[in-house]
Amino acid sequence: MASVEKREQAMEEQGGAAVLGWAARDNTGVLSPYNFSRRVPRDDDVTIKVLYCGICHTDLHIIRNDWGNANYPVVPGHEIVGVVTGVGAGVTRFKPGDTVGVGYFVGSCRSCDSCGKGNENFCAGVVLTSNGVDHAHGGASTKGGFSDVIVVNEHYVLRVPDGLPLDRTAPLLCAGVTVYSPMMRHGLNEPGKHLGVVGLGGLGHVAVKFGKAFGMKVTVISTSPSKREEALDRLGADAFLVSRDPEQMKAATGTMDGIIDTVSAWHPITPLLALLKPLGQMVVVGVPNKPLELPVYAIVPGGKGVAGSLVGSVGDCQAMLEFAGKHGIGADVEVIKMDYVNTAIERLEKNDVRYRFVIDVAGSLGSAA
Ligand code: NAP
Ligand code: ZN
């Protein structure tokens, strides 16, 4: 059946907007076209035509079922920039035509301690944008931004500041806030402090940009010597260490105030902890599917900290976007059409992207909004 007919059929059956997305059906992770329907918008919902959506390494982990929680079919995508096409009667913050963003989550319980403190990202009932369980809407599995329309409660919609290029802004909705939020929380935003960024990928390269905008000294710690010139010349890092070179690592012992570890695969962290000054702080944001090793001797003598962090709150995300707008920060992107997505994901897996793929969703799928 042609996709237009399928859309009409889905719309008749479910009453909400019929949507064309791309979904993975099993742990091969191969994506193909998928017709489904969005929920009927409620009073506090915003309907958004998706313009751009970044491809985060988390999408790759999920579609391959690396974390054992894939609920197929999975429509990935949580780095969304779009334009508002409709608002419910109770929506106060947005109107049709506004440029908006949607990040890693689209709901939370709004009554727990974390939600009360504005830390929705740490709510036990957080509703992820893709492959999440939507408690407020019958437990449906959420479908992300690799699709032409999304319906989101206004509380979880972000305003995109004027002047930011939209393709380069999409990755900020996850990669950007994931590094910005813990940098703010752990004081890794102070001029003159020395920040180490481990893994120069989607998250890592924006961490370098935020670190430099904060006035910090930034050292990239990478497995890829081929990224040295780009890190120093294009991204503005001050120094570059090859993590597999023990001599280089030894020379930097005890020099860093903080480290952000964005690595997606298992790797040794003891040599990284040795780079911290006494009382230094490592923040782990990468999510390998095997446990990292943390010998106590690596943290006890220097009183060092190891923390984790998960994206950032709605407030953090809005503040990050404002900061990015003020400092002209955007991701370095390779914009692709939807029909290139499977190749892009293979290339992402091989560390062959500088530094984020972004899908031109509206230019690939058209829109049913
Ligand atoms: P990415 O673009 O693939 O970047 C990951 C980087 O890690 C690579 O560019 C590479 O950098 C390094 N790396 C890869 N394999 C490695 C290995 N075996 N040993 C050492 N370094 C290796 O991925 P991303 O989108 O930035 O995401 C990174 C991780 O963060 C993923 O696990 C993702 O799921 C997770 N994540 C977490 C959150 C959160 O809220 N905590 C949010 C988004 C993503 P070099 O070439 O420089 O070594
Ligand atoms: Zn992500």
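The structure we're discussing is the one just above.
Residues numbered from 1 in each chain as written. Chains lettered and ligands numbered in written order. Predicted model: local features only at pLDDT ≥ 70, side-chain atom pairs only at ≥ 80, totals over all residues. Heavy atoms only, no water.

## Comments concerning empty space enclosed by the protein
Summed over all chains, the structure comprises two cavities of 30 Å³ or more. By volume, the largest cavity amounts to about 90 Å³. The wall of the largest cavity is formed by Gly103, Tyr104, Phe105, Tyr156, Leu158, Leu173, Val177, Val311, Gly312, Ser313, Val314 and Cys317. Of the residues contributing to the lining of the largest cavity, the split by class is nine nonpolar, three polar and no charged. Considered as a void within the structure, the second largest cavity measures approximately 50 Å³ in volume. In terms of lining, the second largest cavity is formed by Thr58, Asp59, Ile62, His78, Tyr104, Leu128 and Ser130. With three residues, helix α2 (residues 57-63) is the single largest residue contributor to the lining of the second largest cavity. Here the lining of the second largest cavity is built from residues that sort into three nonpolar, three polar and one charged. (1 Å grid on protein atoms, 1.4 Å probe; cavity = no way out; pocket = protein on both sides within 12 Å on 5 of 7 lines; lining within 4 Å. Points joined across faces, edges and corners; volume = space filled by probe spheres on them. Nonpolar A, V, L, I, M, F, W, Y, C, P; charged D, E, K, R; others polar. Helix = DSSP H or I, 4+ residues; strand = E, 2+ residues; numbered from the N terminus.)

## So, the nonpolar core
Here is a general trend for soluble globular proteins: nonpolar side chains tend to be buried in one another's company. Judged by nonpolar contacts, the single largest core of 93 residues is most densely connected at Ile55, Phe146, Met183, Phe210 and Val341. Split by domain, this core shows at least three residues from each of two domains, domain 1 (1-174 + 331-366) and domain 2 (175-308). Listed in part, the 17 residues of the second largest apolar core include Ile259, Leu275, Met282 and Ile299. (Core = buried A, V, L, I, M, F, W, Y, C linked by side-chain atoms within 4.5 Å. Buried < 20%, exposed > 50% of the residue type's maximum accessible area, 1.4 Å probe, protein only. Domains from an automatic or database assignment.)

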